[in-house]
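Chain by chain, the residues run as shown.
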Amino acid sequence: TGAEAFRAGLQAYFKQYAYGNATTENLWDAWSKASGKDINKIMDVWTTVKGYPYLKVISEKWSDSSVEIELEQNWFLQDGSGDSDTEAPLWNIPLLFATSKGPTSETAEIMTGKTQKFTVPLSGADDFVKINAGQTALVRVAHSVEMAKRMKVGLTSGTIGAIDRASLLLDGYALAKAGLGSLESVMEILRALENEENNNVWHGIT
C-alpha cells in the first residue's frame with residue numbers, strides 16, 4: 001500500500017544517509033524505489049516552483065452510472081494568476097474523487113497532462129462528484145455550476161465531510177475572486193451551508 005511504501009522508503013533513506021549528507025532528491029529516490037513510482041518526477045515541480053496549480057472543469061458528461069470529466073490545470077499564484085513572464089509549469093497532481101458513497105478509490109489517479117479526462121462511477125442519475133476529496137493534493141479546484149448544484153444534498157446532510165465542505169467554499173471563492181471560477185458556484189455552495197454547524201466550515205464562510 002501507499003503507507004507501507006512510505007515507511008519502507010523513509011527507513012531506507014535514514015539507513016543510507018544516517019552518517020552523511022543527503023538532499024531532497026535522495027529522499028525522493030528512496031521513495032521511488034520503495035513504491036515503484038517515479039516520485040522524483042512527481043515532486044520536482046512541487047518543490048522548485050512558486051505557487052501551485054488550480055483545476056477547472058472544461059467538459060463533463062453525466063450518465064446514470066458515471067461522469068466523464070475533463071480537467072485543465074493552470075498556474076495559481078497568490079495574486080490569482082500565473083506569472084506571465086514565465087512558462088507555466090506542468091504538475092503531476094494526485095487526485096481522489098468522492099461521491100455520495102465516499103471516495104471512489106483508495107489510491108489517487110495522477111493528472112500528468114495540461115488536460116486530462118477522468119471517468120468517475122456514480123450510484124445514480126442524481127449523484128455528485130467532489131474533486132480532490134479530502135484535500136489530498138495542494139490544488140484549488142473550480143467545480144462547475146452543475147457540480148455545485150448536485151452537491152447540495154451532500155453538503156446539507158453532511159455526506160460531504162467538513163474538510164471538503166470548507167474547501168469547496170474557499171477554493172470557489174478564491175478562484176471567483178481572481179476571475180478564474182464561477183461566482184454562481186460559490187452562491188450554490190453558500191445556500192447549501194445555511195444550516196452549517198461545524199466551526200471550521202463557519203470560519204471559511206466568515
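Below: a short report on this structure. Keep in mind that this is a model prediction, so the values were computed, not measured. (Residues numbered from 1 in each chain as written. Predicted model: local features only at pLDDT ≥ 70, side-chain atom pairs only at ≥ 80, totals over all residues. Heavy atoms only, no water.)

**Concerning the nonpolar core**
The biggest cluster of nonpolar side chains holds 37 residues, and the ones touching the most others in it are Leu55, Ile69, Leu71, Ile93, Leu95, Ile131 and Leu155. Residue assignment for this core shows that the elements contributing at least two residues are helix 3 (39-48), strand 1 (52-62), strand 2 (66-76), strand 3 (93-95), strand 7 (115-121), helix 4 (145-150), helix 6 (162-177) and helix 7 (183-192). Other than its neighbours up to four places away in sequence, leucine 155 contacts Ile160, Arg165, Leu168, Ile189, Ala192 and Leu193. (Core = buried A, V, L, I, M, F, W, Y, C linked by side-chain atoms within 4.5 Å. Buried < 20%, exposed > 50% of the residue type's maximum accessible area, 1.4 Å probe, protein only. Helix = DSSP H or I, 4+ residues; strand = E, 2+ residues; numbered from the N terminus. Contact = heavy atoms within 4.5 Å.)

**Focus: the environment of alanine 178**
Within the secondary structure layout, alanine 178 lies in the loop between helix 6 and helix 7. Overall, alanine 178 belongs to the partly exposed group, its relative accessible area being 29%.

**A short note on the sheet that holds strand 4 (residues 97-99)**
Read from one edge to the other, the open sheet built from 3 strands follows the order 5-4-8, with strand pairing classed as antiparallel. Every other strand in the sheet has two partners, leaving strand 5 (102-103) and strand 8 (130-131) as the edge strands with one partner each. Where strand 4 meets strand 8, 2 bridges bridge the pair, whose relative direction is antiparallel. Along strand 8, the bridge assignment pairs alanine 98 with lysine 130. (Pairing = 2+ DSSP bridges.)

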